[in-house]
Amino acid sequence: MTWRQVFLLSGFSALVLLSMLQEGTAQAVGDEASEDAKQKIFMQESDALSFLKRRGRRSPKSQDEANAENRQKLRADELRREYHEEQRNESENFVEEQNDAATTSDPILKPAEKMRLVAHIAIPVF
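Keep in mind it's a predicted model, so treat the numbers as computed, not measured.

Reading the values: rules and limits
- As a convention, each chain's residues are numbered from 1 in the sequence order in which they are written.
- At least 70 in pLDDT is required for a residue's local features to be given in this predicted model, at least 80 for side-chain atom pairs to be given and counted, and no such filter applies to totals for whole chains, interfaces and linings, which use all residues.
- For the side-chain quantities, the full set of heavy atoms in the structure was used; hydrogens and water were omitted.
- Secondary structure follows DSSP: runs of H or I at least 4 residues long count as helices, runs of E at least 2 residues long count as strands, and numbering of each begins at the N terminus.
- A simple rule labels every residue: compare its accessible area, found with a 1.4 Å probe on the protein chains alone, to the largest value its type can have, and call it buried under 20%, exposed over 50%, or partly exposed in between.
- Each patch groups residues whose relative accessible area exceeds 30% and which form no salt bridge, using 9 Å between like charges and 5 Å between nonpolar side chains of Val, Leu, Ile, Met, Phe, Trp and Tyr.
- Note that accessible areas follow from Shrake-Rupley with a 1.4 Å probe, and for residues the cover is restricted to the protein chains shown.
- A side-chain nitrogen of Lys or Arg and a carboxyl oxygen of Asp or Glu constitute a salt bridge if their distance falls within 4 Å.
- Here Asp and Glu are counted as negative and Lys and Arg as positive; His is not counted, and neither are the chain ends.
- We put the charge of a Lys on NZ, of an Arg on CZ, of an Asp on CG and of a Glu on CD.
- You can read pLDDT as the predictor saying how much it trusts each residue, on a scale of 0 to 100.

**Q** Is there a simple way to think about the overall build of the protein in this case?
**A** Of the regular secondary structure elements, the protein holds four helices and zero strands. Going from N to C terminus, the protein has its helices and strands arranged as α-α-α-α. Across the 126 residues of the protein, 3% fall into the buried class.

**Q** Honestly, a nonpolar patch on the surface in this entry has me stumped. Any pointers?
**A** Together, Phe 12, Leu 15, Val 16 and Met 20 make up a nonpolar patch on the protein surface, roughly 420 Å² of accessible area in all. You can see Val 16 is positioned in helix α1 (residues 3-41).

**Q** Would you mind going over the pattern of salt bridges with me for this structure?
**A** Working definition: two side chains of opposite charge can pair if their charged atoms are close together. Scanning the entire structure with this criterion turns up three salt bridges. The partner of Lys 73 in a salt bridge is Glu 69, and the shortest N-O contact between them spans 3.5 Å. Here Lys 73 pairs with Glu 69, and both are found in helix α3 (residues 63-105), just four residues apart, close to one helical turn. With relative accessibility at 27%, the residue Glu 69 sits in the partly exposed group. Among the ionic pairs, Glu 78 bridges to Arg 75, the shortest N-O distance being 3.7 Å. Separated by three residues within a single helix, Glu 78 and Arg 75 lie in helix α3, roughly one turn from each other. By relative accessible area, Glu 78 is classed as partly exposed at 34%.

**Q** Would you mind going over a negative patch on the surface with me for this structure?
**A** The grouping of Glu 82, Glu 85, Glu 86 and Glu 90 at the surface amounts to a negative patch. Residue Glu 85 is classed as partly exposed on the basis of its relative accessible area, which comes to 42%.

**Q** Just checking my understanding: could you explain the confidence of the model for the protein for this structure?
**A** Should the pLDDT be low somewhere, the predicted coordinates at that spot are not to be read in detail. With 63% of its residues at a pLDDT of 70 or more, the protein has an overall mean of 76. Mean pLDDT per element in the protein: helix α4 (residues 111-119) is the minimum at 56, and α3 is the maximum at 90.

What follows is the structure, encoded as structure tokens:
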């Protein structure tokens, strides 16, 4: 073998050996990191038991929780009511503008056309 082949073979083997050592140290460090992550994610068993004992799945809500839930529901209802009222007003305004435009463009309308224009007014019921 020539010196060049010996040199390349030894360099390649050193490279493989170093990469194997780095993988081993990375796995060891990874195990420690995963233990830290587990401690951050999962709580101690005693803490979990006390949490479950404080309030079961079917236990009644506290008054504060019930009040907060009712406030949220009332606020959502109010926002929904305001939204629908605004939509209804916009719809009525649009129909009125259409009727005004139709009546000003043709001052003499037949009764059937007047009924057709009035029939477009629809007030949604909630």
